[in-house]
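Listed here are the chains, written in short residue letters.
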Amino acid sequence: MPADKGYQELKKRYSIIGTWLVVVGLAGAAFLAGASLRAKQDVFSLPQESTVQASALIKLTPEQMPVKIESIAKAQGDVRHRELLNSVLKLVQAHYVDKITAAEETKMARGAVQGMLDSIGDPDTRFVDPKESKLLDDAAAGRFHGIGAILALKREKQGDEETHKLIVVTPMPGSPAEKAGIRPGDVISDVGGKWVIAYDPGFAKLNKAMQNQDIDKLSYKKGWQEAEEKLKNGLSISSALDELTAKTSGETTLRIERPGHKEPIELKVQYRDTVVDPVTSRMLDKRIGYIRISQFNPRAAKEFPVELTKMRNAGAKALVIDLRNSPGGLLDTATGIAAQLTGGGNLAVIREQTTRRTIRVPKTKAIGLPVTALINNGTASVAELVAAVLKESGVATLVGTRTFGDGLIQTPLVLRDSSAALITTGKMLTPKGVDFTGSGVKPDKEVADGDKDADVQLEEARKLLQAKLGRS
Amino acid sequence: MKRTHLIAIALLIAFSFLSGFTYQDVASTGDISNLMTSLKLLPARLQMAIGAELADSSADLPPVQTFWDVSSYLEANYYGENKQSGDALCYAAIRGMLAALGDRYTRFLDPEQNKQMQEDNRGDFEGIGAQLEMKQTQVTIVRPIDPSPAKDAGIRKGDIILKVDGKPVQGLELEEVVRLIRGPRGTKVTLTIKRSDVPEPFDVEIVRKVITSPIVESKMEDESSKIGYIALRQFNEKSDQLFDKAMTDLESQGMRALVLDLRGNPGGLLDVAIEIGSRLIPEGDIVVIQDKGGRLSRYGVEPSKQNHRMYPLTVLIDGSSASASEIIAGAIQDNKAGTLVGTDSFGKGKVQTIMSLPGGSAVVITTAKYFTPSMRDVDKLKIHPDVVVEPSDEDIKNDVDVQLNKAVEILRTRLGANKAVAGNRADEKS
């Protein structure tokens, strides 16, 4: 039928026109999309490398609960400083060749905080970017990444030269670091065959050359070249930390300097996640219970009384409290646990900028069991405080080695973009007012660390308790 | 629909997208040659645009408020011995804020640094007369001014300063080192120097004098071939006038070719660079400036400034030739107006403006970028000499200027060749 055929023809033609309209429309939309995407940035501004570097987890977790920036008291500073910073920002916004986006402003704000905190020269007072902020939260909840060790930065000054060393506070229980045999106090000098840049090697060589005038030209030149090579193939401390505390898979080789060992040690370590059970317990024999506190986080506060009751119900007449390789945590948790063992009283003296206060809870009945606490070089921060409280109150005998010696208190100031400023806000002293920062807490009975197969410190603690139980 | 149709449509849409993306560059300048540059930058820009879209925009951090909050908290709560003064904290915050831009030229000058900067710009100062730069954290002599106490004391280009009056300079800012070296005329300063061919560092005692930094130095380098030499040390208001004077002087001695020495020249005023460039390049563009907002402006040769004849030209550059020096070198190279001899230039393709702040401090802000006429990004690529000549340790020790010798040799060859080829019509033009 011709009419029908004409209709079909017409339909076909319209469908072609329609298709073309759609195509042209899409092309137009694509043009506009391209133009608008383009309009949002500057001409010729290529990506710039950020100078705000991600540092990584150094201390386990701050001792104080986070403070939100919105909640702090205002108007304490010098208004001229705010005005000066404001002027600089306004000038940069108006004249800097590239457009300053909101993202750029955030970066600038972080840079300002980082610059300000770095200028103080206190390694614990520092800027924490959102990525590391997440690591800190994870650590506080008992989830560790990388090799699963708590690391610290130690500064040493030799003459004109400052060296920075990456030292192990402690491996966490069950972590790859522990499995590989890493110990508290180990210094990590190389990661994956790369030297962790601890100082400027060229300058060190120059200094040596200056002190020792009789140096022959050839060996001098060779030394200079070696120094340059070393720096070129080095790994910055912040990149090393990034790798060791954030990676979740793969493995690396660490070169370690261990106190008392002449030769460096090479260890293969895996990167993977470690989940730490903060409080564990078991009966060592029919009469002696054992509780290990690996971390003082809110979960530990909840679980400690449960484990303690479990030990009593199992017939424990004496208790070993294991604080070895326990890097600390929240101050409140630590004093709470200490109070359950000592029955309250004075638990710590806190020095802050203008005040000195004593943390005290009403005195009740002490635990009433002979207690031996195990400590070592990896017992740090609030764990050291607990050890000191047990010792000073006469509740426990301390067995092991001297503790790490860090009583400084950090408070995280959480910024609006979930980055944070970690700020040293005080120092813990023992209930009797002894400052253990630097010196650490000394054991009553010195017993060196054993090895995997023979826990000589635990054996000693048990012997002490058996002797006490035998007499009673 | 057939597959070929689909492909054609997809291509059309992609083309439209790209046109939209690059439209602004061409339309804003009306210059179609920007299209190629624009296309070259496309992958990086797309990545950036998409990255910006994906970035978490809910978490903006206002810099002033954040600074104020954190500094207030520090003031009230920081516990430690290293408590900084409020000024120092504020300056550190500003430096950190500017560092986040990732541009090494945008920086803050505290009142003391600002004062010194102003002294530097005045030209006269009291010191030893050596130009310094920071090379891989080493304070290095660019060159001693001639004449100067530094030159008289035997200080050489490339010497590394380890100590000033016994104080190690490692870790100090360049400006701080300069402050240590300067002092009233007649007083003494002792520098501990490390020289590449001397194994042990040694001390040099120098008496300070009033130093006037030279702007232009000139001489007839080759009397027989009549090859003139002009060293341009900086680009300031007097530079073009002094350059003209040197040219006129050399012309009166019958100059037939010119060596322009831009080694160690850190730059200076942009318009002076364009004016001097106009005297050396017959025609063409000198520089392309990109200002805030991305607009590109081409600056060409100014014929009104061409008050001298053009001569066969070689230009000396080295790692201390920066900014305005690189503009001229790049323009000469792109326009084939001369031969560049020496080593790679410094690589500074950004223009700064100093802005004063209340309380005596100042901020230096990168306000523009520049490209050579062929749109080379000097900041990334530097200027490569046409003929690379690097002096050996031996050359430096014996004070032999191999770069200058090469530049003269090139001109001699060219003059010789011209003579041979143009022998028949030697009188026609000259």
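Residues numbered from 1 in each chain as written. Chains lettered and ligands numbered in written order. Predicted model: local features only at pLDDT ≥ 70, side-chain atom pairs only at ≥ 80, totals over all residues. Heavy atoms only, no water.

1. Here we look at the overall build of chain A
Across its full length, chain A holds 12 helices and 20 strands. Taken over 472 residues, chain A has a buried fraction of 51%. Taking as baseline every contact in chain A between residues at least 6 positions apart, the subset at least 24 positions apart corresponds to 72%. In the structure as shown, chain A presents an accessible area of about 21800 Å², 54% of it carried by carbon and sulfur atoms. (Helix = DSSP H or I, 4+ residues; strand = E, 2+ residues; numbered from the N terminus. Buried < 20%, exposed > 50% of the residue type's maximum accessible area, 1.4 Å probe, protein only. Contact = heavy atoms within 4.5 Å. Areas by Shrake-Rupley, 256 points an atom, 1.4 Å probe, with all protein chains shown as cover.)

2. Some thoughts on the nonpolar core
If you look at the biggest cluster of nonpolar residues, it comprises 43 residues, and the most contacted ones within it are Val 88 and Val 92 of chain A together with Val 70 of chain B. Mapped by element, the contributors of at least two residues to this core are α2 (79–95), α3 (102–118) and β19 (420–429) of chain A together with α4 (63–77), α5 (86–99) and β18 (362–371) of chain B. (Core = buried A, V, L, I, M, F, W, Y, C linked by side-chain atoms within 4.5 Å.)

3. Thoughts on the domain arrangement of chain B
All names here are of chain B. Along its sequence, chain B is organised into domain 1 (124–212) and domain 2 (216–417). On a C-alpha basis, the centroid separation for the pair domain 1 and domain 2 is 26 Å. At the junction of the two partners, domain 1 supplies 8 residues and domain 2 supplies 9 residues. Taken together, the two surfaces of domain 1 and domain 2 that pack against each other cover about 800 Å², and 39% of this comes from carbon and sulfur. It is Arg 143, Arg 156 and Lys 157 that lose the most area in domain 1 upon contact with domain 2, and together they represent 47% of the buried surface on that side. Across the domain 1-domain 2 interface, the total number found is 1 salt bridge. (Domains from an automatic or database assignment. Buried area = accessible area lost by both parts, 1.4 Å probe. Salt bridge = Lys/Arg side-chain N within 4 Å of Asp/Glu carboxyl O.)

4. Some points on the pattern of salt bridges
Residue and element names in this part refer to chain A. What the rule picks out here adds up to 44 salt bridges over all chains. The closest approach of N and O atoms between Asp 444 and Lys 391, which form a salt bridge, is 3.9 Å. Separated by 53 residues along the polypeptide, Asp 444 in the loop between β19 and β20 (445–446) and Lys 391 in helix α11 (residues 382–392) bring together distant segments of the chain. The exposure class assigned to Asp 444 is partly exposed, which follows from its relative accessible area of 42%. Each member of the salt-bridge network shares a partner with another, and the members are Lys 134, Asp 138 and Arg 143.

5. Comments concerning the packing of helix α10 (residues 331–342) of chain A against α11 of chain A
Residue and element names in this part refer to chain A. It is the contact of α10 with α11, at a shortest axis distance of 9 Å, that shows an interaxial angle of 20°. Judged by the angle between their axes, α10 and α11 are roughly parallel. The crossing of α10 and α11 is right-handed. Side by side, α10 and α11 meet where Leu 331, Ala 334, Thr 335, Ala 338, Leu 341 and Thr 342 of the first sit next to Val 382, Leu 385, Val 386, Val 389 and Leu 390 of the second. The residue inventory of the contact of α10 with α11, partitioned by class, reads 9 nonpolar, 2 polar and no charged. (Axes fitted to C-alpha atoms, helices over the stretch in contact; angles between N-to-C directions. Parallel < 35°, antiparallel > 145°, perpendicular 65-115°, else oblique. Left-handed = near helix turned anticlockwise from the far one by under 90°. Nonpolar A, V, L, I, M, F, W, Y, C, P; charged D, E, K, R; others polar.)

6. Here's the deal with the confidence of the model for chain B
Caution is warranted with low-pLDDT regions, since their predicted coordinates should not be read in detail. Residue and element names in this part refer to chain B. Here chain B averages 84 in pLDDT, and 85% of its residues register 70 or above. Under a pLDDT of 50 for its full length, residues 51–58 has, in the predicted model, 2 contacts with residues more than four places off or in other chains. Within the model, the stretch residues 420–430 combines pLDDT values under 50 with 1 contact to residues more than four positions away or in other chains. For this predicted complex, the interface confidence comes out at an ipTM of 0.77, alongside a pTM of 0.72. (pLDDT = per-residue confidence, 0-100.)

7. Describing the sheet that holds strand β15 (residues 313–317) of chain B
Residue and element names in this part refer to chain B. Judged by pairing direction, the sheet is mixed, and its 6 strands sit side by side in the order β10-β11-β12-β15-β16-β19 without closing on themselves. The sheet is open, and its two edges are formed by β10 (216–222) and β19 (387–388), each paired on a single side. Sheet topology note: the β10/strand β11 (residues 227–232) ladder contains 6 bridges and is antiparallel. Of the residues in β11, the one forming a bridge with Val 216 is Leu 232. (Pairing = 2+ DSSP bridges.)

8. A word on helix α9 (residues 298–313) of chain A
Residue and element names in this part refer to chain A. Across its 16 residues, α9 extends 24 Å between first and last C-alpha, which sits within 8% of the 22 Å expected from 1.5 Å per residue. Residues of α9 that are buried: Ala 300, Glu 303, Phe 304, Glu 307, Leu 308 and Met 311. On its buried face, α9 sits against β11 (279–283), β12 (288–293), β13 (318–322) and α10. Gly 315 occupies a position one or two residues after α9 and carries a positive phi of about 95°. (Expected span 1.5 Å × (residues − 1).)

9. Looking at the packing of helix α9 (residues 239–252) of chain B against helix α10 (residues 270–280) of chain B
The description of two packed helices rests on the angle between their axes and on the distance between the axes. Residues and elements named next belong to chain B. The N-to-C vectors of α9 and α10 enclose an angle of 25°; their axes lie 9 Å apart at closest approach. By the angle between their axes, α9 is roughly parallel relative to α10. Crossing of α9 against α10: the hand is right-handed. Along its contact with α9, which presents Ser 239, Asp 240, Phe 243 and Asp 244, the element α10 presents Val 272, Glu 275, Ile 276, Arg 279 and Leu 280. Taken together, the residues of the contact of α9 with α10 sort by class into 4 nonpolar, 1 polar and 4 charged.

10. Comments concerning unusual backbone geometry
Residues and elements named next belong to chain B. Phi is positive for Lys 336, close to 50°, though the residue is something other than glycine. Considering the arrangement of structural elements, one finds Lys 336 in the loop between α11 (324–334) and β16 (339–342). Residue Lys 336 is classed as exposed on the basis of its relative accessible area of 73%.

11. A look at the pairing of strand β4 (residues 138–144) of chain B
All names here are of chain B. The element β4 is largely enclosed, with a buried count of 7 among its 7 residues. Here 2 bridges tie β4 to strand β5 (residues 160–164), and the two strands are oriented antiparallel to one another. Paired with Val 139 across the bridge in β5 is Ile 161.

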